Amino acid sequence: MAALLPAEWIKNWEKGGKSEFVQLCRALSENKNHDVGFRDIQQALYELAYHVVRGNLKHDQASNVLGDVIEFREDMPSILADVFCILDIETSCLEEKNKRDHFTQLVLACLYLVSDTVLKERLDPETLESLGLIKQSQQFNQKSVKIKTKLFYKQQKFNLLREENEGYAKLIAELGQDLSGNITSDLILENIKSLIGCFNLDPNRVLDIILEVYECRPEYDDFFVPLIESYMYMCEPQTLCHILGFKFKFYQDPSGETPSSLYRVAAVLLQHNLIDLEDLYVHLLPGDNAIIEEHKREIVEAKQIVRKLTMVVLSSEKTEEKEKEKEKEEEKTEKPPDNQKLGLLEALLKIGDWHHAQSIMDQMPPFYSTSHKPIAIALCQLVHVTIEPLYRRVGVPKGAKGSPISSLPNKRAPKQAESFEELRKEVFNMLCYLGPHLSHDPILFAKVVRLGKAFMKEVGTVKKFVSDRVVKFQSDGSKQEDKEKMETLFSCLLSITDQVLLPSLSLMDCNACMSEELWGMFKTFPYQYRYRLYGQWKNETYNSHPLLVKVKAQTIDRAKYIMKRLTKENVKPSGRQIGKLSHSNPTILFDYILSQIQKYDNLITPVVDSLKYLTSLNYDVLAYCIIEALANPEKERMKHDDTTISSWLQSLASFCGAVFRKYPIELAGLLQYVANQLKAGKSFDLLILKEVVQKMAGIEITEEMTMEQLEAMTGGEQLKAEGGYFGQIRNTKKSSQRLKDALLDHDLALPLCLLMAQQRNGVIFQEGGEKHLKLVGKLYDQCHDTLVQFGGFLASNLSTEDYIKRVPSIDVLCNEFHTPHDAAFFLSRPMYAHHISSKYDELKKAEKGNKQQHKVHKYITSCELVMAPVHEAVISLHLPKVWDDISPQFYATFWSLTMYDLAVPHSSYDREVNKLKVQMKAIDDNQEMPPNKKKKEKERCTALQDKLLEEEKKQLEHVQRVLQRLKLEKDNWLLAKSTKNETITKFLQLCIFPRCIFSAIDAVYCAHFVELVHQQKTPNFSTLLCYDRVFSDIIYTVASCTENEASRYGRFLCCMLETVTRWHSDRVIYEKECGNYPGFLTILRATGFDGGNKADQLDYENFRHVVHKWHYKLTKASVHCLETGEYTHIRNILIVLTKILPWYPKVLNLGQALERRVHKICQEEKEKRPDLYALAMGYSGQLKSRKPFMIPENEFHHKDPPARNAVPATVQNGPGGAGMPTSLTINTVRLEEGTTEETADKLKEKSQGVVKVINKTVNATPKVTTSNGNSASNSKIIKEKDDKEKSGKEKDKEKKDKTPAATPEMKALGKDGKDKPKEERANKEEKAREIKEKTPKSDKEKEKVKKEEKASKEEKSKTVVTIIESKSTAEKEREKEPSRERDLAKEMKSKENAKGGEKVPVAGSLKSPVPRSETSESEREQKRRKVDTHSSPSHSSTVKDNLNELKESSAKHYINHTTPTLSKSKEREVEKKDLDKSRERSREREKKDEKDRKDRKRDHSNSDREVPQDSTKRRKEENGTTGSSKHSKSESPSDSPRLNEKEKEKNKSKSSGKEKGDSIKAEKMEKSSSGSKKESRHDKEKAEKKEKRDSTGGKEEKKHHKSSDKHR
């Protein structure tokens, strides 16, 4: 190898060699090839050192240069040491001593560059000694030998027991000895220390052995724990934790299983704080992330299971699916890897270290840890121990021994609870961690529930204040603090129930005992809390845990299975299955069952029957589920057509009624729900209340009652139950008691009544809105029916005290609570009855008098005591003016009585008794029935029979007492300070009409009451007027009714008609029951009744005419309603007609007219409105079956005049028209006639632009009042002449106060005025009065005053009768214009004339005194033909209003019964004179009024032009025929003045001819019957003159004639 260091460098060292060497070293050290550089530097340094050894270079020079290069590399000192090592070996072999010295000097000079340690490693010991680095080389060699020996030849130790078996054996013997003596941990610890020292034992291994022994001897906690604690003072703090961690790691491979003893040791060490949980926790597997993942996976799996259960799987796929699932489940059952965290948790719970256990649970997802059964059971055990003392003290039921649980030996375990406050601190917390997994320990479940029960008992009364949702606890003398504690405890108890008890019940396997146990606690909670808990349970709990999710799905699946197979036949087995399922998961099950019931209502009965295996808790949950289903906001309460209530709601309501009746379910929640809905203005849910009351109390509300049932309903309670309902509802005693208790306990009885009464009217305004009228009517009816039913329930079930305590007085009800009067009296009525009977009983006991009179006297006294405050109270209900006509006593009496008070239904009692006799006979005849059952049944029937007979006797006595009372009261009933007519108006408005539509029994009551008032001969009560007002113009009342009200109104009319028909049927009955009664007086002044004047009474034949008129009125109204096309009108009139069918129609032609209209409805409505079609078809069929019982009109009432007076009392061309007896003189008649006609004449002008609907009428005769289309006349005596002098204003005023409108009659009046002057006069007066009535009140009072003054001025002037007639007719026809009915009257007449081919005189209002001839016959024929030819009675002008005449004016009385003082001849003379005088006067005034006439002419022509077309058009509508305009033209003479003036001029001659012909014909007929030619000639002359004047004189002239005639 070539030298790196040339000789020249050495020679010239100082000059350049040194620097060259340094550069060489730098170059070599920078060489990138590491190995080459290393070797080259080694060589360079060796050559440098070798030159020093040979003496070529001084050692100090070398050391200097080495000091410069030593920095070039980090390993340079090591390289240098290697160089010295080689030189050391080389120089030690040389003989030249100087070289060795040079080497030694070089090393010494370089000692500062290389460390001693490196040199000691590499140089020989001798060299080191010579260098002075070691003292002696020999010692150094020895030492190194020793070390090498120790390193390479001595055996190593691994802390194995066998490495020191004696020491460890002694240690184990020390720890394993019997520790029961006086051996302490301190003593043993000293021995252990000695062993460690003696045998050189490893302290960590010793600690490990101590833990191992402790594992094997777990019972010596008190020894080992202090020992370990003391031992730890000698170790590092982490040692113990690491050793434990090492132990746990050993078991962490997949097949390893950590022993429970290790968990226990770790738990005890944690409890004694020898290790920290955080330190140990990291050594345990699995990690927290893995646990969270597993929890999520469980939830996903649960949801998948749910999805599978809800999926519809076809049967072929089902088997495969099941097999796959089984395989998967088998795979899953392979053991999961050990969860050391849960193992440690279980151990902690077992030793009672709740604090650390809670920390571990908090690290995991909720309920993850307790979902593992061992942990749940361990936690349950801990709770058992903790609650033991408190449970033993308050929770153990009487008679139960129980097995006491010993406390944990561990002093650090949670303190046992001695009080409820301590319970809250720990136990409630533990239970919350347990959650639904308390299901693993039913015994603990029961204990917790019993503790809850005991707590509720201890805190005393729980008062619920709904307003602020706070529960207040009352306990004697408790401080505020205690109360707060109790409230806190109560809220904790509710939380535990919600989070633990109910979910645990869901996971228990159908444990009915637990359910009942839980109910023991639940029933102490107010229902608001219970329902809140059920809501949470149903809607939230099941989503909180995978297990519960699965359970929910399985329950629904099972419920579906059961419900699919549930039928009436298998109720029992299915019921058992439902019961089993319901013990654990009632909310889910009932939710599904209710959803099915809402869809299929035929499931209701089997479901109700199958619910008999439920527990009390389940029934309560069912109640909640029902309310939740009802309140479901997503469901529509109406069907899509918006006319009917949804079927789901109806089904639920029906189910409610059935289930609440059959099972003991609390009703408070349901009733409060209905009340809340009503408060919110919603009445749909009243359907629920209706069903519940019907089923639970057996009180039915139906409009379909038969008359027999209705009759039974007027008896006592027993008769009602037996014969009043469709279904025999038995055994309602318990259920109705439950309903009553629920209402009283929660103070809901009165609020529900008031809310219903207020809502009834609110339905239309709050709920009406956009809804269909039909639905609004239904809701109104439902609200009303439920009120009636509910009120009936309260009346029959509440005790007198309860009722009186709850129902306020009538004035408070009406004025403060705004209850409608009918409803207010309905609620108060039972109170009065109770009150009177209790007072009566008191008086009977006080005084023992047994005589009937004494009893009656006491009864009347008790009535006065009870009713006197009521009489005072009712005064505030109406305006003071009302009490002028009827007394508060009468008003209160009417509203406070019932059918039970008025009549005894003997036939009903007999019917039920006979039924029982038949039953008993059947029982006797039945051979199969066992004897003991026979005996029982017979006893039941006999007892029932006795009860009924006793009840009948009791009612009979009661009715007699009531009638006695009424007899005494009646004289003060009707004060009639104004008129009888006004009295009747008030009576109908305030009493009859509101009550007759309240309920079916009230409808019958109203009819009976009217008859009773009549029979009692009540002063100032006109029976005739009352019946007339009821039967006339029923259109308005019918149209304003709902469906059910129409049905009741029909019943009322039916009962009224029954009475009338009875009187009509037989003269003897009429004479007996009406003949001498004040109700049938034709004098309508409010006077005392002397009963003596037979002439003032309505005789039998005239009464028959009146009845015919009423039948006609009913026909007219019915036809009108049927032809409106309005749904409500048609439906209601059909309902009413169906109800009155037994008594109407009786007259053949009226029946035929009705039949045609109904047939038309059937055809029109078949497709459009099927419900109307069904009604019409039903009525049509019944009507046809009644046809054989109908009679011709002449059999219904004789049209022949009474022979004595020769005064016909019939109308010639229409139904009815009775003349009334009178005591008036001719003067009176004339006087009145004058005034009436004049006023009518004046008012004619105003009537031109009058609106068609006429609301009020003004009548010129002070004593005449009209209302509802009937004018009533008070009889006038001669002194009335003076009355006429009153100023016009006064008269107007009176008229306005007294008279509402007269519409239909007037069109029939005065048509046939050509027959006789007297008739004409009557017609004239009558017509004028009607015109007056028809005319609305004028705004221009001045004009009226002027007219009245004029009337008095012209009083004495007289006019020709023919002119009067012409004038009257013209007036009449003009007045007809505003009214549609009048148009049609005219049109009907013209049509009749056209058909008849000859102009037969149309029916006049009254017949002349001449005996009747063929005229009446032809007119009768004409009338019949008219009704048959599809004429509309509602618009026919040919009908005379009979009672109209009765009440109209005294003129008629005069005509029908002429006073014998004036003969016919005298009359005619007077008439002649009248004729002449009036002619003169009219001519004088003609010129004066010319201008007025022209103006008026223009007005009339305008209005008249429209009439014919209008009437034709209407005729088409009404009769369905296509009448042409020619009918309008071919009018009868009395119609001709309706043509406009120009037409009149053109048709003058034609018209005159016609009229002449008509009058001549009429006269001829009359002549043939009377034989008086002179009279007929006289008539002819009059007619001719009249015609001339009529066509030429114009309207104004007529006016003058008329006004002058008035003064006759």
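This part covers the overall build of the protein chain. The secondary structure content of the protein chain amounts to 74 helices and four strands. For the protein chain, the accessible surface area stands at approximately 71,500 Å², while carbon and sulfur atoms represent 52% of it.

For the rest of this paragraph, the subject is the packing of helix 49 (residues 1000-1015) against helix 52 (residues 1043-1065). It is the contact of helix 49 with helix 52, at a shortest axis distance of 7 Å, that shows an interaxial angle of 30°. The orientation of helix 49 relative to helix 52 falls into the category roughly parallel. The two elements helix 49 and helix 52 meet at a crossing, and its hand is right-handed. Between helix 49 and helix 52, the residues in contact are A1000, A1003, V1004, C1006, A1007, V1010, E1011 and H1014 and R1048, R1051, F1052, C1055, M1056, T1059, R1062 and W1063, respectively. Each residue belonging to the contact of helix 49 with helix 52 can be placed in one class, and the counts come to 10 nonpolar, two polar and four charged.

Applying the stated criterion to the full structure yields 48 aromatic pairs. A centroid spacing of 6.4 Å and a plane angle of 35° characterise the contact between F987 and F1009, whose relative ring orientation is tilted. In this pair, F987 sits in helix 48 (residues 980-996) while F1009 sits in helix 49, placing the two residues 22 residues apart along the sequence. Given a relative accessible area of 0%, F1009 falls into the buried group. Each member of the aromatic cluster is reached from another via a ring pair, and the members are F825, W883, F890, Y891, F894, W895, W973, F987, Y1005, F1009 and F1021.

The next point concerns helix 15 (residues 260-271). For the α-helix, the turn length of 3.6 residues means that residues three or four positions removed from each other point alike. If you check helix 15, its first and last C-alpha atoms are 16 Å apart, about what 12 residues at 1.5 Å a residue would give, namely 16 Å. With nine of 12 residues buried, helix 15 is to be regarded as a mostly interior element. If you check which residues of helix 15 are buried, you get L262, Y263, V265, A266, A267, V268, L269, L270 and Q271. Next to the buried residues of helix 15 lie helix 12 (203-216), helix 13 (221-231), helix 14 (239-250), helix 16 (277-281), helix 19 (340-351) and helix 20 (354-362).

Before going further, it helps to examine unusual backbone geometry. That bond from L285 to P286 is cis: its omega, -10°, falls within 30 degrees of zero. Residue placement: P286 occurs in the loop between helix 16 and helix 17 (288-310). Of note, the amide linkage connecting Y1144 to P1145 takes the cis form, showing an omega dihedral of -5°. As for its placement among the helices and strands, P1145 is situated in the loop between helix 55 (1127-1139) and helix 56 (1148-1168). Even without being a glycine, N273 presents a positive backbone phi close to 60°. Examined against the element boundaries, N273 turns out to sit in the loop between helix 15 and helix 16. Phi is positive for D747, which is not a glycine, with a value near 50°.

Ranked by internal contacts, the top residues of the largest apolar core, which has 318 residues, are L344, F655, L752 and F1052. Beyond its immediate sequence surroundings of up to four residues, F1052 is in contact with I992, C996, A1003, C1006, A1007 and V1030. Core analysis: the second largest hydrophobic core is formed by 41 residues, A62, I70, I79 and V83 among them.

A few words now on a positive patch on the surface. Taken together, R558, K564, R565 and K580 make up a surface patch of like positive charges. Top element by residues in the positive patch is helix 27 (residues 546-565). It accounts for three residues. One can find R558 in helix 27. We classify R558 as partly exposed; its relative accessible area is 33%.

Next up on the list: the packing of helix 19 against helix 21 (residues 373-395). Two elements in contact, helix 19 and helix 21, have axes separated by 8 Å at closest approach and are oriented at 15°. Here helix 19 is positioned roughly parallel relative to helix 21, judged by the angle of their axes. Pair helix 19 / helix 21 crosses with left-handed handedness. Contacts from L342, L345, E346, L349 and K350 in helix 19 reach P374, I375, A378, L379 and L382 in helix 21.

Here we take up the environment of K453. Inspection of the secondary structure puts K453 in helix 23 (residues 442-458). When its relative accessible area of 29% is taken as the criterion, K453 is described as partly exposed. Measuring from C-alpha to C-alpha, the distance between K453 and F522 comes to 8.1 Å, with 69 residues separating the pair along the chain.

Time to look at the pattern of salt bridges. Inspection of the entire model under this criterion finds 46 salt bridges. A salt bridge links D1171 to K774; the nearest nitrogen and oxygen atoms lie 3.0 Å apart. Placement of the pair is D1171 in helix 57 (residues 1170-1186) and K774 in helix 39 (residues 773-797), with a sequence separation of 397 residues. Between E982 and K986 there is a salt bridge, with its nearest N and O atoms 3.0 Å apart. With E982 and K986 both in helix 48, this residue pair falls four residues apart, about one helical turn. Judged by its relative accessible area of 9%, K986 is buried. Linked through salt bridges whose partners overlap, the residues forming this network are R205, D208, E212 and K247.

Our focus in this paragraph is helix 25 (residues 512-522). Counting buried residues in helix 25 gives eight out of 11 residues, a clear majority hidden from the surface. Here helix 25 has its buried residues at M514, S515, E517, L518, W519, G520, M521 and F522. Against the buried residues of helix 25 lie helix 23, helix 24 (480-507), helix 26 (527-539), helix 28 (571-584) and helix 31 (616-630). The opening residue of helix 25, the one whose side-chain oxygen lies 3.3 Å from the backbone nitrogen of C513, is N511.

With 69% of its residues at a pLDDT of at least 70, the protein chain reaches an overall mean of 75. Predicted confidence is poor over residues 1585-1589, with pLDDT under 50, and the contacts of this stretch with residues over four places away or in other chains come to 18 contacts. Predicted confidence for residues 1591-1608 stays below pLDDT 50, and this span has 88 contacts to residues more than four positions away or in other chains.

With respect to the helices and strands, R1169 occurs in the loop between helix 56 and helix 57. Note: C-alpha distance between R1169 and Y1127 (42 residues apart in sequence) is 8.5 Å. Discounting residues that sit within four places of it in the chain, R1169 has contacts with G1125, E1126, Y1127 and I1130.

Turning to a nonpolar patch on the surface, a few remarks are in order. Nonpolar side chains collect at one region of the surface, where I147, L151, F152 and Y153 lie side by side and expose about 540 Å² of accessible area between them. Examined against the element boundaries, I147 turns out to sit in helix 9 (residues 137-153). Exposure remark for I147: the relative accessible area of 47% places this residue in the partly exposed category.

What counts, and where the lines are drawn
Residues numbered from 1 in each chain as written. Predicted model: local features only at pLDDT ≥ 70, side-chain atom pairs only at ≥ 80, totals over all residues. Heavy atoms only, no water. Helix = DSSP H or I, 4+ residues; strand = E, 2+ residues; numbered from the N terminus. Areas by Shrake-Rupley, 256 points an atom, 1.4 Å probe, with all protein chains shown as cover. Axes fitted to C-alpha atoms, helices over the stretch in contact; angles between N-to-C directions. Parallel < 35°, antiparallel > 145°, perpendicular 65-115°, else oblique. Left-handed = near helix turned anticlockwise from the far one by under 90°. Contact = heavy atoms within 4.5 Å. Nonpolar A, V, L, I, M, F, W, Y, C, P; charged D, E, K, R; others polar. Phe/Tyr/Trp six-rings, centres within 6.5 Å; stacked < 30°, edge-to-face > 60°. Buried < 20%, exposed > 50% of the residue type's maximum accessible area, 1.4 Å probe, protein only. Expected span 1.5 Å × (residues − 1). Core = buried A, V, L, I, M, F, W, Y, C linked by side-chain atoms within 4.5 Å. Patch = residues over 30% accessible without salt bridge, like charges linked within 9 Å, V, L, I, M, F, W, Y side chains within 5 Å. Salt bridge = Lys/Arg side-chain N within 4 Å of Asp/Glu carboxyl O. Lys, Arg positive; Asp, Glu negative; His and termini not counted. Charge placed at Lys NZ, Arg CZ, Asp CG, Glu CD. Polar contact = N/O pair within 3.5 Å; in protein donor to acceptor, adjacent residues only side chain to side chain. pLDDT = per-residue confidence, 0-100.

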